[in-house]
Amino acid sequence: MIESLSKNMTPDQVAVLLAAGYYLLKELIQFAKDWFRKTSDKTEENTTAVIALTTELKHFNNRIVVIEEKIKRADETEKIVYKLEKDVGFAHEKIREIKDRL
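In this convention, every chain numbers its residues from 1, walking through the sequence in written order. The model is predicted, so local features are restricted to residues of pLDDT at least 70 and side-chain atom pairs to those at 80 or more, both for listing and for counting; the totals for chains, interfaces and linings are taken over all residues. Note: side-chain values were computed over all heavy atoms of the structure, leaving out hydrogens and water.

Asker: Tell me about the overall build of the protein chain, residues and numbers included.
Answerer: For helices the rule is a DSSP run of H or I covering at least 4 residues; for strands it is a run of E covering at least 2, with both sets numbered from the N terminus onward. The helix and strand tally for the protein chain stands at two helices and zero strands. Only C-alpha atoms enter the radius of gyration; for comparison, a globular chain is expected to reach 2.2 Å times N to the power 0.38, where N is the number of residues. Whereas a compact globule of 102 residues would reach a radius of gyration of roughly 13 Å, the protein chain reaches 42 Å, over 25% beyond that. When its C-alpha atoms are laid out on the principal axes, the protein chain stretches across 135 × 25 × 15 Å. If you sum the accessible surface of the protein chain, you get close to 10100 Å²; carbon and sulfur atoms cover 64% of it. Looking at charge distribution, the protein chain has the averaged site of its 18 positive side-chain charges lying 4 Å from that of its 18 negative ones. Surface accessibility follows the Shrake-Rupley procedure with a 1.4 Å probe radius. Residue values consider only the protein chains on display as shielding. We score Asp and Glu as negative and Lys and Arg as positive, and we do not count His or the chain ends. Positions of charges follow a simple convention, taking NZ of Lys, CZ of Arg, CG of Asp or CD of Glu.

Listed below in structure tokens is the structure:
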């Protein structure tokens, strides 16, 4: 079949067919190069984004540690205030008892 087509084709038709094949091959190679560049660009962009996110996560982890320390101090202060409140209440009660005796 190919032989019969090649025998029936004129030199102009062969030239057009070869030019079309060359054009398609060139476009296919260009498409592959563009796709590879785009993939490389996306990889680089994603790498940059991951580095930025890692930096932000480290920052947030540091902030969480600071906030946890503040919460611990606040809890300790709350315990102290509660104990002082009980002591002051006890002191007021004793003062009332002493006033009642007088």
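Asker: Can you explain the pattern of salt bridges? Please cite residues and give values.
Answerer: The rule for a salt bridge is simple: a side-chain nitrogen of Lys or Arg has to be within 4 Å of a carboxyl oxygen of Asp or Glu. Evaluation of the coordinates by the stated rule reveals three salt bridges. Between Arg37 and Asp34 there is a salt bridge, with the nearest N and O atoms lying 3.5 Å from each other. On the criterion of helical spacing, the pair formed by Arg37 and Asp34 is a turn pair, its members being three residues apart in helix α2 (residues 11-101). Note on exposure labels: buried denotes an accessible area under 20% of the residue type's maximum, exposed denotes more than 50%, and partly exposed covers the range between, all computed with a 1.4 Å probe on protein chains only. Residue class for Arg37 comes out partly exposed when judged on its relative accessible area of 46%. The exposure class assigned to Asp34 is partly exposed, which follows from its relative accessible area of 39%. Among the salt bridges present, the one from Glu97 reaches Lys94, with a minimum N-O distance of 3.6 Å. Of this pair, Glu97 and Lys94 are both found in helix α2, three residues apart, which corresponds to roughly one turn of the helix. Residue class for Lys94 comes out partly exposed when judged on its relative accessible area of 35%.

Asker: Which residues make up a nonpolar patch on the surface, and what are the values?
Answerer: On the surface, Leu25, Leu28, Ile29, Phe31, Trp35 and Phe36 cluster together to form a nonpolar patch covering roughly 710 Å² of accessible area. Checked against the element boundaries, Leu25 lands in helix α2. Patches in this entry comprise residues that are over 30% relatively accessible and not in a salt bridge; like charges within 9 Å are linked, as are nonpolar side chains (Val, Leu, Ile, Met, Phe, Trp, Tyr) within 5 Å.

Asker: Tell me about the environment of Thr47, and please be specific about residues and values.
Answerer: Note on placement: Thr47 falls in helix α2. Here Thr47 falls in the partly exposed class, since its relative accessible area comes to 41%. For the pair Thr47 and Gly21, spaced 26 residues apart in sequence, the C-alpha separation works out to 39 Å.

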